[in-house]
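Summary of structural features
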Protein chains: 2
Amino acid sequence: MSNPPDKPATVKARLPRGFGDRARGDIAATDEMLARIRGVYELYGFEALETPFAEYTETLGKFLPDLDRPNEGVFSFQDDDDQWLSLRYDLTAPLARYVAENFDRLPKPFRSFRAGWVFRNEKPGPGRFRQFMQFDADTVGAAGAAADAEICMMAADTLEALGVKRGDYVIKVNNRKVLDGVMEAAGLGGDENAGRRLTVLRAIDKLDRLGVEGVRLLLGPGRKDESGDFTKGAGLGETQAHEVLTLLMSQADVVETGTLEQWERDDSVSISGMTITNSATIKKLRGHFSGSDLISQGLDELQQLADFASAGRYGTRRIIIDPSVVRGLEYYTGPVFEAELTFEVKGEDGKPVRFGSVGGGGRYDGLVARFRGEPVPATGFSIGVSRLYSALKAVNSPIVAGAGARGPVVVLAMDRERIADYQKFVSALRGAGIAAEMYLGAGGMNAQLKYADKRGSLCAVIQGSNEREKGEIVIKDLVLGAQTGGAAKDRADYLELKQKAQFSVPESGLVEAVRGVLARHG
Amino acid sequence: MSNPPDKPATVKARLPRGFGDRARGDIAATDEMLARIRGVYELYGFEALETPFAEYTETLGKFLPDLDRPNEGVFSFQDDDDQWLSLRYDLTAPLARYVAENFDRLPKPFRSFRAGWVFRNEKPGPGRFRQFMQFDADTVGAAGAAADAEICMMAADTLEALGVKRGDYVIKVNNRKVLDGVMEAAGLGGDENAGRRLTVLRAIDKLDRLGVEGVRLLLGPGRKDESGDFTKGAGLGETQAHEVLTLLMSQADVVETGTLEQWERDDSVSISGMTITNSATIKKLRGHFSGSDLISQGLDELQQLADFASAGRYGTRRIIIDPSVVRGLEYYTGPVFEAELTFEVKGEDGKPVRFGSVGGGGRYDGLVARFRGEPVPATGFSIGVSRLYSALKAVNSPIVAGAGARGPVVVLAMDRERIADYQKFVSALRGAGIAAEMYLGAGGMNAQLKYADKRGSLCAVIQGSNEREKGEIVIKDLVLGAQTGGAAKDRADYLELKQKAQFSVPESGLVEAVRGVLARHG
């Protein structure tokens, strides 16, 4: 009933652009990584939750990345009732839907975590996928700075549980209310200026890439890039743009140029002979930006967050206030967080660059309100799993090294008539908890051994007619076997190695012998 | 920047139809179940593989459930290059694409397993979801019956590893070539009759629901159901339809009426005083259906599969030939399998019914050929995870019972000024590996204790001003605490219980005391 073999192949087998397959090594390493993250989150009292991959498009609505093009960026389709569904774009919008829908029966505060794939209909590029994994934790229903501080401490603990050393990461913290207050003073308050405020946020988010002068242009009249394309700016006057930049630079330059050796003490950071503490940063900001309730409120909240962190012994070295962190999404209403890895890796041009962000989040008191009509406080943090995975590989974390790379014991099918015998050997090994299989292909002995190599097997089991007559089995240590191919120092060593690499045992000794070979290689 | 609180809510929070949220209990139980399945598959030498959720629609093409309406049944959408993508409908089509795309570098045979969500754009109903999970294992590149037999043995081992007792399940086996041979003899051979053959397959698949007479009509002229709707039949003559029905009934009636007590010995099944073995069934079929090469080939393959199973001590009691098993999908080319649970549960009408199928599969030598132009042998098995999960709940399997139901230790926030103290208690507990949290909401003491109950917490930690002055902490056992609410036999018992349910310890004894309470409840 299938395509007859003489028909030509008409379909090209190809992975869709921006999507990826994952083989056993990646899967095992990621699973281990997720288990460690989950372990920390559960220790903090967060509980597992899962929502489906699709939501009604209107549910995502306000959460969409691009307000100007509301249907861009997501994959949408209609169900058999002609209702529009979209693949989830992040894990925050579905959580808001879930909490609003189940509000009365949920414990409040509701602390949950969710690991899952999210989807974006964007141009894929290096490291930019259309399907990628996020791992979120959120506390819904807690208004105070204690909830924000806890999320930041949990992020720090998570990175350490994954093998990122203290000093190799920093949780940067800021508060949107400070920036909002500065924008308000610059005449960008009110609903009618929402678009311009978003332009300001996006401009600030480009500080790393465009530098201060680039951002200054985007805050003001606009900026022409090298290709000649013009990006319209937020239209701030020179003084106003200067105010925003002053805010950003209050801390950013210091953090960006810090090196590992300079993070000396837990509660302060010494850079270029100057000792930085969160309290000092807040004091500096209070000195410059006064006279706005919103700014004062933001700075008070930052102070509280810093105090909680400090009381929990998560000082400035780990949780540091950085006014240049804004997070590009419009929906944050107070504290925002960014987890950055501070060690250097080779960039695309071969030059060392700081690894940078592996996650972020913040407080979003307005999201559940979309459904319930009353504000519901919420704060959360999202890890970019693939990006963090790359980071762990970069620091050679044992969590992602060599996981799942080992294949099963392969029982060679030497004599097609005796397959039932081989099946018995396999069953005996499996019965002892040893992963094993009989070779099921059509190849000869060499092909079968090559197959075992390709699988990453440590051991092969062989019984030809000679061995069968003697009631014996040959055990082949494939790791040592590969070494006997190389030069041995002298003949005695070589023979000893060869004897260890391949030897006979009585049939009854199969399991013990295989276990011995596996034990040799840890 | 979010919706101001005075705006009315405009969006209704609702889960899309046919999709589901999953809470911690379901997630933990399913994870445990998947881990057990994975354990068996790895023991058999299968390795993990993952493909993305979307494929190019043309990749799925032939795998679509309904050839008459190729774009029905799946969720499809266009990417930014206007290429059509579809959410995967099963895990077989993506595997065929993956193997074809990576053919040269893969070990062959290639043995892999994949657990993942699949999506169907169909009318949802009770137990019918638009997103559900499958767990597949496949061997690609092995042509012989040994590969099929191994898949069946692995399915049996998997069910037992999940706590389904021997005798409570059966792996039914059949071979499409037998039915194809009978259809060929009935004049339904050749490409031009593909549609009619599919109609026959679908008619047979309805045997359970419509009975023999219903199927006879669908094999012949067609059938009018109770509502008056007419379903066109395959147009077989009376004699031809009778041949097909004779084939189906060679075994089916016996299996369908067997009860648990009747599965007596490993290598045979005794039903109504008649001893059934796979060899006897094949002999009976050989007697009736002779004279076709295709039928002989199918019966030979069944015999080989039965011999392998028998040599591995998986006799007729576990792996049984049943000619009524056809599997509705067109792409199977030889052996087909169905894993059935034989115990009874209450049906929708309250009457006992056999639980039925929890998975199935078969050999599909033509699927990879679609991409490569040469046939590539392949055989596999797919578990319906949600359905199996329901089955495990029905047999009270410990794997799914009570998993993940326990909440963290809750440290009450009695005095807002002392939050840093409570944070220290929480940190001490977490440092000892005990999941703990400080209450972060706005409620008073009673609300906080209710919150702990709602979370499923076993223990609460309380320090008010009285305790603080004495340097003490109150430990509350929430399980015993709930019991003191009921009647105790006498006052002495009551006081003892009350003392155990709530007691004071010095601050330094916090971790030990909490550990003691947790240990009381396993």
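Parameters at a glance
Residues numbered from 1 in each chain as written. Chains lettered and ligands numbered in written order. Predicted model: local features only at pLDDT ≥ 70, side-chain atom pairs only at ≥ 80, totals over all residues. Heavy atoms only, no water. Helix = DSSP H or I, 4+ residues; strand = E, 2+ residues; numbered from the N terminus. Buried < 20%, exposed > 50% of the residue type's maximum accessible area, 1.4 Å probe, protein only. Contact = heavy atoms within 4.5 Å. Areas by Shrake-Rupley, 256 points an atom, 1.4 Å probe, with all protein chains shown as cover. Expected span 1.5 Å × (residues − 1). Bend = angle between axes of the 7 residues up to and from the residue. Least-squares fit on C-alpha atoms with pLDDT ≥ 70 in both. Buried area = accessible area lost by both parts, 1.4 Å probe. Polar contact = N/O pair within 3.5 Å; in protein donor to acceptor, adjacent residues only side chain to side chain. Nonpolar A, V, L, I, M, F, W, Y, C, P; charged D, E, K, R; others polar. Pairing = 2+ DSSP bridges. Axes fitted to C-alpha atoms, helices over the stretch in contact; angles between N-to-C directions. pLDDT = per-residue confidence, 0-100. Core = buried A, V, L, I, M, F, W, Y, C linked by side-chain atoms within 4.5 Å. Salt bridge = Lys/Arg side-chain N within 4 Å of Asp/Glu carboxyl O. Parallel < 35°, antiparallel > 145°, perpendicular 65-115°, else oblique. Left-handed = near helix turned anticlockwise from the far one by under 90°. Phe/Tyr/Trp six-rings, centres within 6.5 Å; stacked < 30°, edge-to-face > 60°. Lys NZ or Arg CZ within 6 Å of the ring centre and 35° of its normal.

What follows concerns the overall build of chain A. On a plain count of helices and strands, chain A comes out with 19 helices and 21 strands. Relative to its 522 residues, chain A shows a buried fraction of 55%. Summarising the internal contacts of chain A: among those between residues at least 6 apart in sequence, 70% fall at separations of at least 24. When the accessible area of chain A is evaluated, it comes to approximately 21,900 Å², of which 49% is carbon and sulfur surface.

Turning next to helix α7 (residues 207-219) of chain B. Since there are 3.6 residues in each turn of an α-helix, residues three or four apart along the chain are aligned in direction. Residues and elements named next belong to chain B. An ideal rise of 1.5 Å per residue puts 18 Å on 13 residues; α7 reaches only 11 Å between its terminal C-alpha atoms. If you look at α7, its biggest bend is around 80°, right at E213. On the buried face of α7, the contacting elements are α6 (194-205), β9 (222-224), β10 (230-232) and α8 (238-249).

We now examine the relation of the copies chain B and chain A. At an RMSD of 0.1 Å, chain B and chain A line up after a rotation of 180° and a shift of 0.0 Å along the axis. When the rotation and shift are considered jointly, the pair of chain copies conforms to a two-fold rotation axis. No C-alpha of chain B lies nearer the rotation axis than that of F77 of chain B, which sits 2.9 Å from it. Comparing interface residues between copies, 100% of those in chain B also lie at the interface in chain A; the contact surface is shared.

Moving on, we come to the interface of chain B and chain A. Contacts between chain B and chain A engage 106 residues on the former and 106 residues on the latter. Approximately 9,200 Å² of surface area, both sides summed, lies buried where chain B meets chain A, with 56% of it carried by carbon and sulfur atoms. Linking chain B with chain A are 30 residue pairs in polar contact (both at pLDDT 80 or more), by the criterion used here. Here the side of chain B that touches chain A is built from residues that sort into 49 nonpolar, 21 polar and 36 charged. Direction of pairing for strand β1 (residues 22-23) of chain A relative to strand β2 (residues 47-50) of chain B: antiparallel, over a ladder of two bridges.

Looking now at the sheet that holds strand β15 (residues 352-363) of chain A. Spatially, β13(A)-β8(A)-β14(A)-β15(A)-β16(A)-β7(A)-β6(A)-β2(A)-β1(B) is the arrangement adopted by the nine strands of the open sheet, whose pairing is mixed. Edge positions in the sheet fall to β13 (319-321) of chain A together with β1 (22-23) of chain B, since each has one partner strand and no second. As defined by bridge partners, strand β7 (residues 131-140) of chain A adjoins strand β16 (residues 378-384) of chain A across seven bridges and the pair is classed as antiparallel. Across the sheet, residue D136 of chain A finds its bridge partner in β16 of chain A, namely S382 of chain A. On the sheet, helix α11 (residues 293-311) of chain A packs against β8 (169-175), β13 and β14 (335-346) of chain A and is oriented at approximately 150° with respect to β8 of chain A.

This next bit is on the sheet that holds strand β19 (residues 459-462) of chain A. All names here are of chain A. As summarised here, the arrangement of the five strands in space is β18-β17-β19-β20-β21, forming an open sheet in which the pairing is mixed. Each end of this open sheet is capped by a strand with a single partner; those strands are β18 (436-438) and β21 (502-506). Sheet twist, expressed as the average angle between the axes of neighbouring strands with direction ignored, equals 25°. With five bridges joining them, strand β20 (residues 472-477) and β21 adopt antiparallel strand pairing.

Our next topic: the confidence of the model for chain A. All names here are of chain A. When pLDDT is averaged across chain A, the result is 86; 90% of the residues are at 70 or more. Here residues 1-6 is a poorly scored stretch, pLDDT under 50, and it has 10 contacts once near neighbours within four places are set aside; other chains count. A low-confidence stretch, residues 65-70 stays under pLDDT 50, and its non-local contacts, those more than four residues away or across chains, total six contacts. Overall fold confidence (pTM) sits at 0.88, and the ipTM for the predicted complex is 0.88.

Okay, the nonpolar core next. Y41, L429, V461 and I475 of chain A together with Y41, V461 and I475 of chain B are the most contacted members of the largest nonpolar core, which totals 231 residues. What I475 of chain A contacts, discounting residues up to four positions off in sequence, is C459, A460, V461, A501, Q502, F503, V505, L510, A513, V514 and V517 of chain A.

Below, the discussion takes up the pattern of salt bridges. On inspection of all chains with the given rule, the structure shows 60 salt bridges over all chains. What you see here is one network of salt bridges that share partners, running through R24, R430, E437 and R455 of chain A together with E47, R111 and E150 of chain B.

All names here are of chain B. Between its terminal C-alpha atoms helix α11 (residues 293-311) stretches 27 Å, which fits the 27 Å expected from 19 residues at 1.5 Å a residue. Within α11, the full set of buried residues consists of I295, G298, L299, E301, L302, Q303, L305, A306, F308 and A309. In this structure S292 caps α11, since a side-chain oxygen of it lies 3.3 Å from the backbone nitrogen of L294.

Moving on, we get to the packing of helix α5 (residues 176-185) of chain B against α8 of chain B. All names here are of chain B. Viewed as axis vectors pointing N to C, α5 and α8 meet at an angle of 165°, and their least axial separation amounts to 9 Å. Classified by the angle between their axes, α5 and α8 sit roughly antiparallel to one another. Judged by the twist between their axes, the crossing of α5 over α8 is right-handed. In this structure, α5 contributes V178, L179 and V182 to the contact, and α8 contributes E243, V244 and L247. Split by residue class, the contact of α5 with α8 holds five nonpolar, no polar and one charged.

What follows covers the pairing of strand β8 (residues 169-175) of chain B. Residue and element names in this part refer to chain B. Within β8, seven of the seven residues are buried, leaving the element largely enclosed by the surrounding structure. Residues Y169, I171, V173 and N175 point to one face of β8 and V170, K172 and N174 to the other, with burial holding for every one of them. Pairing analysis gives seven bridges linking β8 to strand β14 (residues 335-346), with the strands arranged antiparallel. Bridge pairing in β14 links V173 to F337. Bridge count for β8 against strand β13 (residues 319-321) is three bridges, and the pairing is parallel. Within β13, the position partnered with I171 by the bridge is I319.

What follows is about unusual backbone geometry. All names here are of chain A. The omega torsion of the bond from K108 to P109 falls at 0°, within 30 degrees of zero and hence cis. Here P109 shows up in the loop between α3 (92-101) and β6 (110-119). A positive phi angle is found at R313, which is not glycine, with a value near 65°. Position of R313 relative to the elements: it lies in the loop between α11 and β13. A positive phi angle, close to 55°, is found at N396, a residue other than glycine. By the secondary structure assignment, N396 is in the loop between α13 (385-394) and β17 (409-411).

With that settled, the discussion passes to the packing of aromatic side chains. According to the stated counting rule, one finds 28 aromatic pairs over all chains in the structure shown. Between F53 of chain A and F53 of chain B, the aromatic rings sit 4.6 Å apart at their centres with planes inclined by 35°, giving tilted as the arrangement. In this pair, F53 of chain A sits in the loop between β2 (47-50) and β3 (54-56) while F53 of chain B sits in the loop between β2 and β3 (54-56), so the two residues belong to two different chains. Note on accessibility: F53 of chain A and F53 of chain B belong to one class, buried. A ring pair is formed by F53 of chain A and F119 of chain B, whose centres lie 5.8 Å apart and whose planes are at 90°; its orientation type is edge-to-face. In this pair, F53 of chain A sits in the loop between β2 and β3 while F119 of chain B sits in strand β6 (residues 110-119), so the two residues belong to two different chains. Like F119 of chain B, F53 of chain A is buried. The rings of F19, F75 and F77 of chain A together with F19, F75 and F77 of chain B are connected pair by pair, giving a single aromatic cluster. The aromatic ring of F53 of chain A is capped on one face by R88 of chain A, whose charged end is 4.3 Å from the ring centroid.

Let's shift gears to the packing of α6 of chain B against α7 of chain B. All names here are of chain B. α7 packs onto α6 with a crossing angle of 145° between their chain directions and a minimal axis gap of 7 Å. Between α6 and α7, the contacting residues are V200, A203, I204 and D205 on the first element and L207, V215, L218 and L219 on the second. Of the residues assigned to the contact of α6 with α7, the class counts are seven nonpolar, no polar and one charged.

Let us now look at the environment of L440 of chain A. Among the secondary structure elements, L440 of chain A is positioned in the loop between β18 and α15 (445-455). Judged by relative accessible area, L440 of chain A falls into the buried class, the value being 11%. Setting aside residues up to four positions removed in sequence, L440 of chain A forms contacts with P109, R111, T139, A142, A146, A147 and E150 of chain B.

All names here are of chain A. Counted residue by residue, β16 has six buried out of seven residues, so it is predominantly covered. Pairing of β15 with β16 involves five bridges; the strand directions are antiparallel. Along β16, the bridge assignment pairs G361 with F381.

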